[in-house]
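Chain residues, written in single-letter form:
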Amino acid sequence: MSEADRAPTVEEPRLATRDRTRRRPRLPLRVTVALPLALTGLFALLVTGNTLRPFDRITTIEARMGSKSDFFKDPEVQRLLLEHGIRVDIHRLGSRANATISMQGMDVVFPSGQPAAKLVLNRMDHSVRSVRPFATPLVLGTFRDYAETLRRMDVAIPQPVEGDTETLYYDLDMRKFMDLLDGLDDGRETADQDRDGTPERADTWNGIGFDRDGLRSNSGRVLVRTSDVCDSNSAGTYLSILAFVANGDSTPGAGAADAATARKEADEVARRIKPLIDLQGMWADEQADGYFSDLGESIAPISVIYEHQYLAHQIEHARTHGGQDSRRVLLYPSPYALTEPQLISLNDKGDRLVRIIQDDPALRQRALELGFRVRFSGKDGTSEQLNTYLRGHGIQVPRQNRDQSKVYEPDLDVLEEIIDSVGSCPPPVQDTP
């Protein structure tokens, strides 16, 4: 048989096997590092029951507020709200400005005090849901050397403190303090107010003894820095304190026979206190930011802030530095003013946030940890829970002033007359949200 007639030979297929001498390729290093973290995260989600949380629908709430944005910017508050499927998008603006411009596009507003809250509520053409979750006193933030200068002038009294530590708190006599803001000493522009034998320009820091040790000097006027009275609740509240004291420790316009008489009294009070506000020149946007910065003392010796901002700073300082910030101290005005922020809903989405803030005990607890005097069981902003928390973190507890005189803000029309006169404010918007 010839080669042509021979059947072709078919070779059996051969299976390729792995060469055992070759090393298996390794996973990329970044995958090796990330894999345990991913497994740990998955385990945490399984344990907490949040496995499907990333797929939950999140509702974004558009909110406009001033200093109380501190609460909603807190990472723990944000985490707690996400458990309810809520994210708050903050539009930062002073409380009074909030109430006097258009609120279209907002779901909630959060004025820092009752005057601005009433301005908002007066614009509503229907009933709304709102909550006042906590309260905080208005205070003056300063630095120890300035507080001690006021103490030597018998204007500020240090609050007692246990042990040999320095106090963080002083009670400020507003009647005496206002006498240091007018630039005159018994009608004289030059005087020896600190009794060092050298007449100096009246009502300057050096003039009242700031430079007595020869180590430091400040020839500037004694003044208080505030935000814009046309925009800010804190500035308006400070203005209410000045007006109350200037009106003989009584609320301007209270008991007036008619609206015209009340306005006349408001204009007279505004005329007397306007120079005490105008001293500072240009307004600053947010006093707390400057006060707590590294350059705070050079920015302003005294700034209007809220107590909760100072206490939150001390809590954080104790956590990160192991002790109190003893350089920064508070002046508690006497008479005093307590502010009550009010979260106001503008629609159904806002209603949901109001209910959560009102009902969630974890959010109330977090507010306390941020220095607020939180309402419990419908009571006023209580202090004992906050005091207990401060003691537990090694922070001095502020004591109640023996003089419990409280500033009661004027009727809204009278207060607005005073604010407009002092700040030359633009007319408010009157649209309904």
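Throughout, a residue's number is its position along its own chain's written sequence, starting from 1. Since the coordinates come from a predicted model, pLDDT governs what is reported: local features require at least 70, and pairs of side-chain atoms require 80 or more to be given and counted, while whole-chain, interface and lining totals use all residues. The basis for the side-chain values is all heavy atoms of the structure; hydrogens and waters are excluded.

(A) How the structure looks around the environment of Ala 97. The secondary structure listing takes helices from DSSP runs of H or I that are at least 4 residues long and strands from runs of E that are at least 2 residues long, numbered from the N terminus. Its place among the elements puts Ala 97 in helix H4 (residues 95–100). A C-alpha to C-alpha distance of 8.4 Å links Ala 97 and Pro 428, two positions 331 residues apart in sequence.

(B) Representation of the packing of helix H5 (residues 114–122) against helix H16 (residues 412–423) in the model. Remark: H5 packs on H16, axes separated minimally by 11 Å, with the N-to-C direction vectors making an angle of 115 degrees. Compared by their axis directions, H5 and H16 come out roughly perpendicular. The hand of the H5/H16 crossing is left-handed. Contacts between H5 and H16 involve Pro 115, Lys 118, Leu 119 and Asn 122 from the former and Leu 412, Leu 415 and Glu 416 from the latter. Class assignment for the residues of the contact of H5 with H16 results in four nonpolar, one polar and two charged. Helix axes are fitted only over the stretch in contact, all axes being lines through C-alpha atoms; the angle between N-to-C directions runs from 0 to 180 degrees. Roughly parallel here means an angle under 35 degrees, roughly antiparallel means over 145, roughly perpendicular means 65 to 115, and every remaining angle is called oblique. For any pair of crossing helices, the crossing counts as left-handed if the nearer helix is rotated counterclockwise from the farther one by less than a right angle, and right-handed if it is rotated clockwise. The contact rule is simple, with two residues in contact once any of their heavy atoms fall within 4.5 Å. Classification convention: Asp, Glu, Lys, Arg as charged; Ala, Val, Leu, Ile, Met, Phe, Trp, Tyr, Cys, Pro as nonpolar; all other residues, Gly among them, as polar.

(C) Region of the structure containing the packing of aromatic side chains. Each Phe, Tyr or Trp ring, with Trp reduced to its six-membered ring, pairs with another whose centre is within 6.5 Å; inter-plane angles below 30 degrees give stacked pairs, above 60 give edge-to-face pairs, and intermediate values give tilted ones. All chains considered together, the criterion is met by 13 aromatic pairs. Here the aromatic rings of Phe 71 and Phe 72 are separated by 5.2 Å at their centres, their planes lie at 80 degrees, and the arrangement is edge-to-face. Whether a residue is buried, partly exposed or exposed follows from its accessible area with a 1.4 Å probe, protein chains only, as a fraction of its type maximum: under 20%, in between, or over 50%, in that order. Looking at Phe 72, the relative accessible area reads 1%, which means it is buried. Seen in terms of ring centroids, Tyr 146 and Phe 210 are 4.3 Å apart; in terms of plane orientation they differ by 15 degrees. Their pairing is stacked. Taken together, the residues span a long stretch of sequence, with Tyr 146 in helix H6 (residues 144–152) and Phe 210 in the loop between strand S9 (200–201) and helix H8 (233–246) at a distance of 64 residues.

(D) Molecular detail of the nonpolar core. Among buried residues, the Ala, Val, Leu, Ile, Met, Phe, Trp, Tyr and Cys ones that are joined through side-chain atoms within 4.5 Å form a nonpolar core. Judged by nonpolar contacts, the single largest core of 93 residues is most densely connected at Phe 71, Phe 72, Leu 150, Phe 177, Tyr 238 and Leu 353. The greatest single-element share of this core, amounting to nine residues, is contributed by H8. Those residues within four positions of Leu 150 in sequence are excluded, and the remaining contacts are Val 155, Ala 156, Leu 172, Phe 177, Leu 180, Trp 205, Ile 208, Ile 302 and Leu 331.

(E) Representation of the pattern of salt bridges in the model. Take a side-chain nitrogen of Lys or Arg and a carboxyl oxygen of Asp or Glu: if they are within 4 Å of each other, that pair is a salt bridge. Tallying each qualifying case throughout the model produces 22 salt bridges. We note a salt bridge from Arg 175 to Asp 249, for which the minimum N-O separation is 2.4 Å. With Arg 175 in helix H7 (residues 174–179) and Asp 249 in the loop between H8 and helix H9 (259–278), the pair connects residues that are 74 residues apart, well separated along the chain. The class of Arg 175 is partly exposed, set by a relative accessible area of 32%. Accessibility expressed as a relative area gives 31% for Asp 249, which makes it partly exposed. Here Arg 319 makes a salt bridge to Glu 316, at a shortest N to O gap of 2.5 Å.

(F) Expanded view of helix H3 (residues 75–83). Within the sequence span of H3, burial applies to Val 77, Leu 80 and Leu 81. Down the axis of H3, the sector holding all buried residues measures 100 degrees, keeping them to one side. The inward-facing, buried residues of H3 contact helix H2 (69–73), strand S2 (86–92), helix H13 (348–359) and helix H14 (361–369). A positive backbone phi angle near 75 degrees is found at Gly 85, which sits one or two residues after H3. Arc, as used here, means the arc of the directions from the helix axis to the C-beta atoms.

Nothing here speaks to function; it is geometry throughout.
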